[in-house]
Amino acid sequence: MKLILAVIHDRDAKRTRDSLLRAGFKFTTIASTGGFLREGNVTMMIGAQEDELETIMGILDDASRTREQYVNVLPPEASPVGTFLTNPVKVQVGGAIAFVVDVEQFRRF
């Protein structure tokens, strides 16, 4: 048995949840925040048999997409506000990251 820990951007979370449910997979969802922009994420814990891994990874790939977004990045120095102009920087946001770990034992109570 495997445990998939998938960190998914908030914009992709509903589509991912719906796709996993339609395919008959059960999972636990945890709200999380992180990354460069500190935007909202959802962490899904999905238990799966070895032969289900590719199906789940395909669902994650189809439902979670990266996209470009422009952000204003402030310099690390502590200059007073208004003394400089920032240039928007294009960054990749969204999508999902999945970690697959072996499960030594699984019990449902």
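This text follows the structure it describes.
Below you will find a few notes about this structure. Throughout this document, residue positions are counted from 1 along each chain, in the order its sequence is written. Per-residue local features of the predicted model are confined to residues with pLDDT of at least 70, and side-chain atom pairs are confined, for both listing and counting, to 80 or more; whole-chain, interface and lining totals are unaffected and use all residues. Remark: hydrogens and water are excluded; side-chain values derive from all non-hydrogen atoms of the structure.

A few words on the overall build of the chain. Numbering of helices and strands runs from the N terminus; a helix is a DSSP stretch of H or I covering at least four residues, while a strand is a stretch of E covering at least two. Of the regular secondary structure elements, the chain holds 2 helices and 6 strands. In sequence order, the secondary structure elements of the chain are arranged as β-α-β-β-α-β-β-β. Exposure categories follow from relative accessible area, calculated using a 1.4 Å probe and restricted to protein chains: below 20% of the type maximum is buried, above 50% is exposed, and the middle band is partly exposed. Across the 109 residues that make up the chain, the buried fraction comes to 27%. Contacts: residue pairs with any heavy atoms within 4.5 Å of one another. In the chain, the proportion of contacts linking residues at least 24 apart, taken out of those at least 6 apart, comes to 71%. Every accessible area reported is derived by Shrake-Rupley at a probe size of 1.4 Å, with residue values counting cover from the shown protein chains alone. Of the accessible surface of the chain, which amounts to about 7700 Å², a share of 54% is contributed by carbon and sulfur atoms.

As for its placement among the helices and strands, Asn 41 is situated in strand 3 (residues 39-48). Asn 41 has contacts with Val 7, Ile 8, His 9, Asp 10, Ile 30, Ala 31, Ser 32, Thr 33 and Gly 34, leaving out every residue within four places of it along the chain.

A few words now on the side chain of Thr 16. By the element assignment, Thr 16 lies in helix 1 (residues 10-22). Classification of Thr 16 as buried rests on a relative accessible area of 0%. There is a polar contact of 2.7 Å between the side chain of Thr 16 and the backbone oxygen of Asp 12. Once residues within four sequence positions are removed from consideration, Thr 16 is found in contact with Ile 8, Met 44, Ile 59, Leu 60, Ala 63 and Ser 64. In protein, a polar contact requires one atom able to donate a hydrogen and another able to accept it; more generally it is a pair of N or O atoms within 3.5 Å, and residues adjacent in sequence count only if both atoms are side-chain atoms.

Moving on, we get to the packing of helix 1 against helix 2 (residues 53-63). How two helices pack is summed up by the angle between their axes together with the distance between the axes. Think of each axis as a best-fit line through the C-alpha atoms, taken over the contacting stretch in the case of a helix, with angles from 0 to 180 degrees between the N-to-C directions. Two elements in contact, helix 1 and helix 2, have axes separated by 9 Å at closest approach and are oriented at 145°. In the crossing of helix 1 with helix 2, the sense of the turn from one axis to the other is right-handed. Residues Asp 12, Arg 15, Thr 16, Ser 19 and Leu 20 of helix 1 touch helix 2, and the partners they reach there are Ile 56, Ile 59, Leu 60 and Ala 63. Side-chain classes follow a simple rule in which Ala, Val, Leu, Ile, Met, Phe, Trp, Tyr, Cys and Pro form the nonpolar group, Asp, Glu, Lys and Arg form the charged group, and the remainder, Gly included, forms the polar group. Its residues assigned to classes, the contact of helix 1 with helix 2 comprises 5 nonpolar, 2 polar and 2 charged. By the definition used in this description, the sense in which the near helix is turned from the far one sets the handedness, with an anticlockwise turn below a right angle giving left-handed and a clockwise turn giving right-handed.

Definition used for salt bridges: Asp or Glu carboxyl oxygen within 4 Å of a side-chain nitrogen of Lys or Arg. Applying the stated rule across the entire model yields 4 salt bridges. With a shortest N-O distance of 3.6 Å, Glu 50 and Lys 2 are connected by a salt bridge. With Glu 50 in the loop between strand 3 and helix 2 and Lys 2 in strand 1 (residues 2-9), this pair connects stretches of sequence that are 48 residues apart. Relative accessible area serves as the criterion here: at 53%, Glu 50 is assigned to the exposed category. Put simply, Asp 12 and Arg 15 hold a salt bridge, and the shortest N to O gap is 2.8 Å. Linking Asp 12 with Arg 15, this pair stays in helix 1, spanning 3 residues, or about one helical turn. Given a relative accessible area of 0%, Asp 12 falls into the buried group. With relative accessibility at 41%, the residue Arg 15 sits in the partly exposed group. Through salt bridges with shared partners, a single ionic network connects Lys 2, Glu 50 and Asp 102.

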